[in-house]
Amino acid sequence: MTMQQTATDSNGLVRPYGDTLNDGVVQFSFTLPLPHNELACEAARAVGESMGLSEVSVTCSRDLGQGFSFFVLYGKMTSGVDVSRLTVTKAEFETMKKEAIDRYIQEHFGRKLVFLGACIETDAHTVGIDAIMNMKGFNGHKGLESYHEVQAINLGAQVSSDDFVAKALEMKADALLVSQIVTQKNVHLANLTRLVDILEAEGVRDKLVLVVGGPRISHELAKELGYDAGFGPNTYAEDVASFVVQEMKRREMR
Amino acid sequence: MTMQQTATDSNGLVRPYGDTLNDGVVQFSFTLPLPHNELACEAARAVGESMGLSEVSVTCSRDLGQGFSFFVLYGKMTSGVDVSRLTVTKAEFETMKKEAIDRYIQEHFGRKLVFLGACIETDAHTVGIDAIMNMKGFNGHKGLESYHEVQAINLGAQVSSDDFVAKALEMKADALLVSQIVTQKNVHLANLTRLVDILEAEGVRDKLVLVVGGPRISHELAKELGYDAGFGPNTYAEDVASFVVQEMKRREMR
Amino acid sequence: MSHLIIDEALVAKARESAKIIACQVKQAVNGLTTSTIERASLRLLGIDGVNTEGVPLVNIVVEHLAEQNLLAQGALTPVVAAMDQQGMTAQEVATAVACGALTLTKSDSNSDKIKNKTLQLASEACRKIAANRQQREQLIQRLGKGPTPYLYLIVATGNIYEDIKQATAAAHQGADIIAVIRTTGQSLLDYVPYGATTEGFGGTYATQENFRLMRQALDEAGEAVGRYIYLTNYCSGLCMPEIAVMGALERLDMMLNDSMYGIIFRDINMRRTFLDQFFSRMVNAYAGIIINTGEDNYLTTADAYDQAHTVLASQFINEQFALMSGLKNEQIGLGHAFEINPDSEDGFLWEIAHAQLIRQVFPHAPLKYMPPTKYMTGNIFKGQVQDALFNVASVMTGQTIHLLGMLTEAIHTPLLQDRYLAVENAQYVFNTMRHLADEIEFKPTGRIQARASEVLAQAAQMLAEIEQIGLMEAINRKMFADISRQPDGGKGTTGVIVKAADYFNPFIDLMLGGASNDNATNSN
Amino acid sequence: MSHLIIDEALVAKARESAKIIACQVKQAVNGLTTSTIERASLRLLGIDGVNTEGVPLVNIVVEHLAEQNLLAQGALTPVVAAMDQQGMTAQEVATAVACGALTLTKSDSNSDKIKNKTLQLASEACRKIAANRQQREQLIQRLGKGPTPYLYLIVATGNIYEDIKQATAAAHQGADIIAVIRTTGQSLLDYVPYGATTEGFGGTYATQENFRLMRQALDEAGEAVGRYIYLTNYCSGLCMPEIAVMGALERLDMMLNDSMYGIIFRDINMRRTFLDQFFSRMVNAYAGIIINTGEDNYLTTADAYDQAHTVLASQFINEQFALMSGLKNEQIGLGHAFEINPDSEDGFLWEIAHAQLIRQVFPHAPLKYMPPTKYMTGNIFKGQVQDALFNVASVMTGQTIHLLGMLTEAIHTPLLQDRYLAVENAQYVFNTMRHLADEIEFKPTGRIQARASEVLAQAAQMLAEIEQIGLMEAINRKMFADISRQPDGGKGTTGVIVKAADYFNPFIDLMLGGASNDNATNSN
Ligand code: B12
Ligand code: B12
Ligand SMILES: Cc1ncc(COP(=O)(O)O)c(C=O)c1O
Ligand SMILES: Cc1ncc(COP(=O)(O)O)c(C=O)c1O
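Since the structure is predicted, the reported quantities are computational estimates derived from the model, not experimental observations.

With that out of the way, let us pick up the coordination of the cobalt atom of ligand 2. Just one protein ligand coordinates the cobalt atom of ligand 2, and it is His 125 of chain B (NE2) at 2.3 Å. As for its placement among the helices and strands, His 125 of chain B is situated in the loop between strand E4 (113-120) and helix H4 (127-133).

And the structure:
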């Protein structure tokens with residue numbers, strides 16, 4: 001059934017659903033830097049109201065000590081969102097199978113493509129990039145190392161952007177696969193921007209396909225940062241490989 | 001320490017605290033009547049933004065079937081609440097001990113006071129009113145039956161407002177203790193209003209002290225509905241008894 | 001399965017006491033019937049619908065018969081006599097009575113002719129029910145069912161159409177059993193509302209049409225998920241027998257049906273309740289419906305540790321009443337609950353002791369295990385953990401019917417997402433601990449064993465005492481749930497009727513015999 | 001305590017192999033020292049602080065000595081010689097060297113006079129540490145400590161002052177142990193940052209001042225809650241020995257210190273790591289600090305079921321290295337984790353088998369049990385349940401150091417409220433299941449017993465193999481964590497220095513002897 005048509009309120013807006021259409025029920029929780037007392041509970045309620053919720057009820061309040069209090073609340077969203085206005089930005093490509101990708105490379109490039117991967121700067125989380133590049137792969141999806149027409153080089157973790165770019169030039173990489181897992185204090189934004197800056201300084205940015213992935217990476221974010229694509233959780237080697245080869249073809253890279 | 005002064009942002013507003021003052025972190029979750037796909041996730045994010053949150057991230061989305069999707073999100077509240085503007089409405093009385101209450105009644109009224117209690121209309125939850133009225137009490141706080149100067153009559157559950165008022169007149173009750181536990185579809189509001197209407201129709205409303213209690217009853221709500229006081233979770237017999245006797249004195253009832 | 005050492009002699013003694021207790025009650029109410037038993041019988045005859053004021057025709061006819069002083073002989077024969085004379089269907093007779101066009105008289109209503117016709121009509125009704133029962137068995141045969149503990153979910157929106165949405169979603173999420181919670185207060189209505197309803201508080205009206213709509217939806221869902229989905233409702237309150245009939249006609253699979261709940265928690269008259277539960281369980285038994293008893297409720301008003309033995313004692317009694325009504329052991333879903341104060345040290349050990357004891361005392365009963373409710377709070381995150389430990393206890397002790405705990409128990413009736421999270425919680429725990437029960441043994445010298453033995457001894461002792469004073473007096477003495485009720489008090493007393501010598505109701509003989517093929521119980 | 005049947009002969013054999021493996025490594029690195037060991041020694045001598053570029057004086061002095069080709073004899077004697085000649089404190093010497101005012105020379109640096117002076121200064125340093133150790137014991141004596149499993153909480157705001165707020169709140173909520181997580185990347189810095197810091201990513205810089213500030217805050221919190229609060233940090237990365245010294249001087253109570261983690265997870269050179277871990281553990285041992293090993297990390301890159309035996313094998317090796325450095329069994333907090341895929345049937349049974357096996361193989365070790373992390377998701381409600389079952393496993397198998405699982409593990413470093421909910425979860429489970437471990441036995445013919453025996457056999461087998469090929473080759477062959485490292489590769493290789501014949505460092509003899517009163521370990 002197509003809920004979009006049916007599941008909206010009179011103004012065609014979609015609202016959260018508790019147990020009745022458009023009741024707008026939302027659960028939320030947060031901590032306030034206030035000692036635990038009635039006033040703090042009032043403040044919690046006010047927070048809910050300031051978010052445009054009605055019938056806000058504080059179902060739980062706890063003293064966290066040190067002048068902090070924790071709250072669980074329920075409330076009802078009075079407005080709604082216009083789904084017809086929303087757009088999903090995702091990378092333009094369709095995922096092919098391993099074999100198809102190898103064939104595609106033979107047909108369109110007639111040579112092995114070089115994919116260079118790393119988890120850059122201070123980030124030491126290799127499991128993600130390994131899942132994409134190493135033979136073993138992830139959830140039964142083999143990694144890029146297993147592709148005949150791909151030379152997959154995984155530099156591992158904590159690779160400085162400079163070393164990464166140097167290696168890219170040395171290996172004449174066709175695609176750079178960057179991983180960023182740690183996002184605290186938005187450190188990933190700084191790291192990713194730094195890499196792009198260096199690539200542009202070296203004047204090689206448009207000579208290669210640049211993609212980034214990580215649990216909190218979206219395609220939208222990647223584009224904003226100047227990457228060709230971004231990949232989130234549960235990505236597999238075939239996804240990124242499919243994008244890279246189709247993107248190279250689109251950009252008539254040889 | 002007095003956090004109110006210290007824990008505010010530059011505009012003196014208090015914001016949710018994640019791990020840094022004024023970071024505004026809020027957790028929330030809800031269901032949308034949309035089939036589970038990227039668009040639904042976008043819609044979820046839009047809901048968060050429409051609540052005035054920034055950096056909204058959907059950390060979990062699940063297909064509930066039937067064209068419904070569930071989401072867990074985190075976001076950051078950009079505004080804040082002005083605690084100095086907030087007021088806590090609570091009943092004006094101070095809680096006395098059982099013995100003190102009995103003495104207070106002897107001194108000021110010189111007779112046993114009649115407290116009539118019930119869980120009215122369709123509501124069948126007696127545990128709450130029993131906790132207040134029955135000998136046994138609650139959490140080691142004896143109930144009104146154990147007070148020498150109080151005649152506590154507990155009519156139990158599902159008492160219609162008419163029967164309740166009739167009994168009140170018959171017993172010449174000084175105070176009516178109403179319990180409402182079920183709040184679904186705001187049935188308690190209807191029930192509580194009905195009772196007040198009948199009391200006024202009978203012209204006895206101001207001849208007695210009328211209080212209501214329940215897990216989702218606040219003093220504020222009670223006042224709005226025309227009750228003298230409202231009591232929430234973890235109320236004990238001495239709380240309500242203290243209020244009643246002090247209120248009777250204030251109103252110079254004899 | 002892990003095992004406790006159980007004093008079988010003591011179990012036998014307790015069961016014997018319970019049997020005597022049940023017989024005493026049966027004697028005490030022999031020679032009595034109730035208005036709702038008569039209405040139920042008329043429903044079986046095919047009378048349905050309401051008048052313009054929404055009063056069910058069965059109520060009108062029964063009141064009419066009372067006015068005519070004909071009720072004592074049973075409502076069936078006067079109606080059948082009228083059908084015979086007027087050449088009308090039962091429904092037509094009822095309609096005629098309702099609009100005052102027809103007055104029922106004694107006439108030849110207790111002639112053999114009419115009695116025979118009544119018997120025939122009654123057995124037709126029984127065949128309908130037997131057919132439903134067979135259909136259930138065929139569906140289970142074809143679709144199969146989930147592994148135990150079965151996931152039991154409630155819907156309670158107040159609106160049958162919202163309920164259906166939520167129930168279907170729940171089935172897709174993994175529910176094995178769907179219970180439609182009744183609206184508050186219906187249990188005290190002395191009639192059964194009619195038609196599809198969309199307004200209820202804390203639950204949805206139990207009407208035959210609502211039963212039908214939900215049954216249909218769940219049959220579809222069952223086909224979709226490849227698993228038979230059980231439907232449950234409440235056979236409880238002032239209309240137990242009529243709701244039993246409705247459930248039998250609409251192929252419900254389970255019904256909450258307790259021999260004392262109405263007395264204790266709804267202050268319904270004792271005799272009325274004992275009569276109604278007997279008739280209604282007889283219908284449940286014939287329809288192959290599994291009953292769920294309500295001992296869990298005791299622990300919401302009484303302490304789960306101190307009063308654990310009252311739960312066991314009550315289960316022994318409910319078992320005997322059930323067997324008397326023709327229910328098979330596989331149909332007796334005795335209830336208990338995980339309600340020990342979460343703050344008490346070793347509380348989980350006592351929950352295990354209680355659950356495992358009951359599992360072994362009633363080896364064939366599809367035990368109904370209720371989640372923590374009383375000590376749930378507005379802290380939904382702690383609630384998830386309380387429910388997780390409940391799930392652990394259930395799989396560790398091999399429970400059968402597992403009511404899913406809701407993280408929002410203390411806040412509101414379940415939201416769609418609450419139910420999803422509850423299913424996810426239980427499925428994870430059950431799967432990752434699948435064979436834990438086979439792996440562990442309880443130390444024979446341990447605390448768990450000692451606690452179990454203590455509870456059994458207390459229960460046997462309590463039953464011995466009740467055997468002396470009688471069940472009605474025991475209830476009067478607050479022996480269950482800390483609540484006292486007088487034998488002659490309570491609601492619905494007026495509906496208790498003394499049967500005349502010529503009272504005739506063939507359903508009792510027809511149904512007590514059990515359905516034609518006997519092993520065809522909706523068993524686990 | 002419930003017990004598994006363990007093949008003690010096999011355990012002895014495995015332990016013997018591990019001992020040989022450790023000795024082989026010790027031989028291989030004999031005659032070597034590292035830049036950070038020398039810097040650590042200078043810190044013990046009292047050199048602290050940084051130059052205007054923020055370079056620590058100890059780094060400057062050690063590099064200076066390298067340039068003068070004096071490092072091979074050890075950093076201590078040349079500095080002491082200068083102190084002697086110039087009548088300066090060690091700090092003054094370092095400052096002078098830093099600003100180029102002083103050049104260190106060989107002079108009489110290996111005369112008996114200087115060696116004696118060095119020895120005296122060194123034993124002074126040791127007395128300081130012994131004093132801290134005694135103070136810890138007195139505080140524990142007076143304040144007492146919580147019951148096991150100890151609640152271990154991390155703070156990781158990046159800002160030491162926010163960390164202090166959160167740590168204090170955590171102590172009030174019930175934490176027994178506070179770990180300040182390090183900022184990402186610090187482990188690869190070849191120097192230790194200086195002073196109080198407020199900027200870090202995913203953690204806070206480990207500096208001596210940060211250690212001091214947190215120690216002070218936790219001592220106050222401990223007084224307030226009437227319970228000694230343990231402080232933990234990371235003795236790991238390129239500066240293991242220096243951080244060990246900082247921890248000893250600032251009375252930390254626990255340090256993450258693994259003999260192979262740096263190699264496997266940070267690609268640090270093998271010899272460097274083996275040398276550093278030996279010296280740092282020696283300091284830990286002397287300071288009465290409990291170490292936490294890092295086997296749990298293997299399960300983040302390798303599968304927790306398939307590779308369970310590699311965890312056990314590594315624990316045997318870590319144990320032997322630890323004993324070599326003078327650590328007592330009560331100081332060896334071997335690590336493991338609850339990381340089996342939550343979707344695998346009976347996964348919980350295998351977790352119990354692993355945890356109980358390790359508990360019995362290392363009866364005196366304060367085992368460090370890590371929560372689920374890898375399979376945590378953005379679904380915080382399911383996360384609460386995963387953490388609840390982890391808590392159940394911990395109390396069922398008598399673990400000692402219990403890292404609290406965070407419902408937001410997959411999302412962000414813990415918020416204040418996440419930590420509160422984690423403590424609440426664990427305290428509820430531990431209390432309600434307090435004596436469960438005493439109550440249950442595992443069936444000798446059961447799956448749990450079989451799995452435990454299998455893992456032990458595999459681990460013994462693996463150790464026998466490593467005994468043949470050597471540990472460095474084993475790591476090269478990906479035998480741990482599915483990660484391969486070359487014996488001569490890795491970071492920090494240049495910091496490995498061949499000792500000269502006249503190398504002199506009295507700390508080894510002074511500390512290996514152990515602290516004056518021997519039973520005074522910070523034991524449980
Ligand atoms: C395993 C792990 C570790 C291991 C890493 C081992 C290793 N060699 O990788 C160890 C224990 C060493 C570790 C250490 C730390 N960790 Co860590 N760790 C995790 C953990 C538990 C799992 C991550 C993981 O392996 N996921 C599985 C993989 C397969 O998923 P994935 O990374 O998302 O990758 C998939 C997609 O994102 C995508 N993808 C990822 N990269 C790429 C790249 C490309 C090109 C493409 C196309 C796709 C792609 O495809 C992959 C497969 O589908 C997470 C918590 C969690 N459950 O997520 C914390 C977590 C990531 N760690 C965290 C932190 C803070 C740290 C530390 C900094 C803490 C500390 N100071 O000790 C340290 C230091 C590490 C450092 N310097 O960066 C935080 C990050 C918080 C934040 N949001 O910033 C987390 C979230 C835990 C927490 N809540 O605190 N960690
Ligand atoms: C016990 C219980 C029952 C028992 C009641 C037994 C009995 N004789 O009371 C049984 C099993 C019978 C029951 C049935 C139902 N229940 Co019920 N029940 C609960 C439960 C688990 C606990 C309530 C309780 O006893 N709390 C303990 C007492 C001590 O706390 P309290 O009531 O808040 O009272 C304190 C204060 O509020 C205050 N107070 C209360 N009253 C008064 C009065 C005065 C004058 C004063 C001064 C103070 C005061 O003082 C008390 C002591 O501090 C709650 C869930 C929960 N955990 O809260 C659901 C709950 C209240 N029930 C609920 C529902 C829907 C029902 C049913 C309608 C469902 C159904 N259709 O079957 C039925 C029908 C009952 C009816 N017709 O009303 C919902 C209500 C949802 C809502 N917000 O509307 C709840 C929240 C469960 C849920 N999430 O669905 N229930
Ligand atoms: C046997 C039984 N009947 C009925 C109910 C429901 O209550 P009510 O009487 O309001 O329908 C319960 C409680 O859940 C019960 O256990
Ligand atoms: C022994 C050990 N050292 C260090 C760390 C922390 O990693 P890092 O090297 O980034 O400090 C860990 C992982 O938690 C560990 O187990």
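The next subject is the pattern of salt bridges. Enumeration according to the criterion identifies 81 salt bridges over all chains in this entry. Between Arg 215 of chain D and Asp 253 of chain D there is a salt bridge, and its shortest N-O distance comes to 2.8 Å. Pair noted here: Arg 215 of chain D is in helix H8 (residues 208-225) and Asp 253 of chain D is in the loop between helix H9 (240-249) and strand E5 (254-256), with a separation of 38 residues, a long-range link. Ionic contacts of the salt-bridge type, sharing partners, join the residues Arg 39, Arg 43, Asp 48, Asp 190, Glu 242, Arg 272 and Asp 276 of chain C into one network.

Moving on, we come to the packing of aromatic side chains. Applying the stated rule across the entire model yields 41 aromatic pairs over all chains. Note on Phe 338 of chain D and Phe 348 of chain D: the rings are 6.4 Å apart at their centroids and 65° apart in plane angle, and the pair reads as edge-to-face. With Phe 338 of chain D in the loop between strand E8 (335-337) and helix H14 (347-361) and Phe 348 of chain D in helix H14, the pair connects residues that are 10 residues apart, well separated along the chain. Take Phe 338 of chain D and Phe 348 of chain D: they sit in the same class, and that class is buried. Taken together, the aromatic side chains of Phe 70 of chain A, Phe 70 of chain B, Phe 381 and Tyr 420 of chain C together with Phe 381 and Tyr 420 of chain D make up a single cluster linked through ring pairs. Here the basic side chain of Lys 98 of chain B rests over the ring of Tyr 147 of chain B, its NZ or CZ set 5.3 Å away from the ring centre.

Okay, the interface of chain C and chain D next. In this complex, chain C contributes 43 residues to the contact, which on the side of chain D involves 43 residues. Both faces considered, chain C and chain D share a buried interface measuring about 4,000 Å² in area, 59% of it formed by carbon and sulfur atoms. Counting every contact that joins chain C to chain D gives 6 salt bridges. Arg 447 of chain C is paired through a salt bridge with Glu 439 of chain D; the nearest N and O atoms lie 3.3 Å apart. Joining chain C to chain D, the criterion identifies 27 residue pairs in polar contact (both at pLDDT 80 or more). For the side of chain C that touches chain D, the secondary-structure elements that each account for two or more residues are helix H14 (347-361), helix H15 (380-396), helix H16 (416-432), helix H17 (436-439), strand E11 (440-442) and helix H18 (447-469) of chain C. Broken down by class, the residue content of the side of chain C that touches chain D amounts to 21 nonpolar, 11 polar and 11 charged.

Another aspect to go through is unusual backbone geometry. For the peptide bond that leads from Thr 148 of chain C to Pro 149 of chain C, omega is -10°, which places it in the cis range. With respect to the helices and strands, Pro 149 of chain C occurs in the loop between helix H6 (112-143) and strand E2 (150-155). One non-glycine residue, Lys 185 of chain B, lies in positive phi territory at about 50°. Examined against the element boundaries, Lys 185 of chain B turns out to sit in the loop between strand E6 (175-179) and helix H6 (187-201). Its identity is not glycine, yet Asp 482 of chain D carries a phi of approximately 60°, on the positive side. With respect to the secondary-structure elements, Asp 482 of chain D resides in the loop between helix H19 (471-476) and strand E12 (496-498).

To continue, consider the interface of chain B and chain A. Reports often express the size of an interface as the amount of accessible area lost when the parts come together. In this complex, chain B contributes 46 residues to the contact, which on the side of chain A involves 46 residues. Of the roughly 3,900 Å² buried at the junction of chain B and chain A (both faces included), carbon and sulfur atoms supply 69%. By the criterion of area lost to chain A, the three top residues of chain B are Pro 33, Leu 39 and Met 51 of chain B, representing 14% of everything that side buries. Here chain B is connected to chain A by 4 salt bridges. Where Lys 90 of chain A meets Glu 38 of chain B, a salt bridge forms, and the shortest distance between an N and an O atom there is 3.5 Å. Counting the contacts that link chain B with chain A gives 8 residue pairs in polar contact (both at pLDDT 80 or more). Secondary structure elements with two or more residues in the side of chain B that touches chain A: helix H1 (3-6), strand E1 (25-32), helix H2 (38-50), strand E2 (53-65) and strand E3 (68-77) of chain B. Taken together, the 3 bridges between strand E1 (residues 25-32) of chain A and E1 of chain B define a ladder with antiparallel strand orientation. Within the sheet, the bridge partner assigned to Gln 27 of chain A lies in E1 of chain B and is Ser 29 of chain B.

The next subject is the site of ligand 1. Every one of the 48 residues lining ligand 1 counts as a neighbour, but His 125 of chain A together with Ile 181, Arg 182, Thr 373 and Glu 409 of chain D are closest to it. Nearby residues around ligand 1 are contributed by chains A and D. At 2.8 Å from an oxygen atom of ligand 1 is found a main-chain nitrogen or oxygen belonging to Gln 184 of chain A. Listing elements by their share of the shell around ligand 1, those giving two or more residues are helix H4 (127-133) and strand E6 (175-179) of chain A together with helix H10 (261-266) and helix H12 (298-301) of chain D. The residue inventory of the shell around ligand 1, partitioned by class, reads 19 nonpolar, 23 polar and 6 charged.

With respect to the secondary-structure elements, Gln 417 of chain D resides in helix H16 (residues 416-432). Those residues in contact with Gln 417 of chain D that sit more than four places away from it in its chain are Ser 29, Phe 30, Thr 31, Leu 64 and Phe 70 of chain A together with Gln 27 of chain B.

What follows concerns the confidence of the model for chain C. Parts of the prediction with low pLDDT should not have their coordinates interpreted in detail. All names here are of chain C. Mean pLDDT over chain C works out to 95, with 98% of the residues at or above the 70 mark. Counting interchain partners and residues more than four positions distant, the pLDDT-below-50 stretch residues 516-524 has 27 contacts. In the predicted complex, the global pTM is 0.94; the interface-specific ipTM is 0.93.

This next bit is on the relation of the copies chain B and chain A. When chain B is brought onto chain A, the operation consists of a screw motion whose angular component is 180° and whose axial shift is 0.0 Å, with 0.1 Å RMSD remaining. Read as a symmetry element, the transformation amounts to a two-fold axis. Comparing contact sets, 100% of the residues at the interface of chain B also lie at the interface in chain A, consistent with an isologous, same-surface contact.

Our focus in this paragraph is the nonpolar core. Phe 274, Leu 471 and Phe 480 of chain C together with Phe 274, Leu 471 and Phe 480 of chain D are the most contacted members of the largest nonpolar core, which has 362 residues in total. If we skip the residues at most four places from it in the chain, Leu 471 of chain D touches Ile 21, Val 25, Met 260, Phe 274, Ile 317, Phe 321, Ile 466 and Phe 480 of chain D. With 38 residues, the next largest nonpolar core counts Val 26 and Met 77 of chain A together with Leu 73 and Met 77 of chain B among its residues.

Residues and elements named next belong to chain C. Surveying the vicinity of ligand 3 reveals the residues Arg 182, Ser 187, Tyr 234, Ser 236, Leu 256, Asp 258, Tyr 261, Arg 266, Gly 294 and Asn 297. Residue Ser 187 places a side-chain N or O atom 3.2 Å away from an oxygen atom belonging to ligand 3. Asn 297 places a side-chain nitrogen or oxygen 2.8 Å from an oxygen atom of ligand 3. Counted by class, the shell around ligand 3 contains 3 nonpolar, 4 polar and 3 charged residues.

Glancing now at the state of the cysteines. Applying the stated criterion to the full structure yields 0 disulfides over all chains. Unpaired in terms of disulfides, Cys 126 of chain C finds its nearest cysteine sulfur in Cys 235 of chain C, a separation of 16 Å.

A separate point is helix H4 (residues 76-86) of chain D. Residue and element names in this part refer to chain D. For H4, a buried count of 8 out of 11 residues is recorded, marking the element as mostly surrounded by other parts of the structure. On the buried face of H4, the contacting elements are helix H2 (35-45), helix H3 (57-67), helix H5 (90-98), helix H6 (112-143) and helix H20 (507-512). Of the residues trailing H4, Gly 87 is marked for its positive phi of about 60°.

Taken as a whole, chain A shows an average pLDDT of 93; of its residues, 98% reach a score of 70 or greater. Low confidence marks residues 1-5 of chain A, where pLDDT is under 50. Its contacts with residues over four positions away, or in another chain, come to 9 contacts.

Here we come to the sheet that holds strand E8 (residues 335-337) of chain C. All names here are of chain C. The strand order E7-E6-E5-E4-E3-E2-E10-E9-E8 describes an open sheet built from 9 strands, whose pairing is parallel. The sheet terminates laterally at strand E7 (332-333) and E8, the two strands that pair on one side only. Pairing geometry for strand E9 (residues 368-370) and strand E10 (residues 401-403), over 2 bridges, is parallel. Bridged to Tyr 369 within E10 is His 402.

The subject of this paragraph is the side chain of Thr 301 of chain D. Residues and elements named next belong to chain D. With respect to the helices, strands and loops of the structure, Thr 301 is situated in helix H12. The class for Thr 301 is buried, based on a relative accessible area of 19%. Looking at Thr 301, its side chain comes within polar contact range of the main-chain oxygen of Ala 481, at 3.0 Å.

Quick notes on the rules
Residues numbered from 1 in each chain as written. Chains lettered and ligands numbered in written order. Predicted model: local features only at pLDDT ≥ 70, side-chain atom pairs only at ≥ 80, totals over all residues. Heavy atoms only, no water. Donors = N, O, S within 2.8 Å, 3.2 Å for Na, K, Ca; no water. Helix = DSSP H or I, 4+ residues; strand = E, 2+ residues; numbered from the N terminus. Salt bridge = Lys/Arg side-chain N within 4 Å of Asp/Glu carboxyl O. Phe/Tyr/Trp six-rings, centres within 6.5 Å; stacked < 30°, edge-to-face > 60°. Buried < 20%, exposed > 50% of the residue type's maximum accessible area, 1.4 Å probe, protein only. Lys NZ or Arg CZ within 6 Å of the ring centre and 35° of its normal. Contact = heavy atoms within 4.5 Å. Buried area = accessible area lost by both parts, 1.4 Å probe. Polar contact = N/O pair within 3.5 Å; in protein donor to acceptor, adjacent residues only side chain to side chain. Nonpolar A, V, L, I, M, F, W, Y, C, P; charged D, E, K, R; others polar. Pairing = 2+ DSSP bridges. Near = heavy atom within 4 Å. pLDDT = per-residue confidence, 0-100. Least-squares fit on C-alpha atoms with pLDDT ≥ 70 in both. Core = buried A, V, L, I, M, F, W, Y, C linked by side-chain atoms within 4.5 Å. Disulfide = S-S within 2.5 Å.

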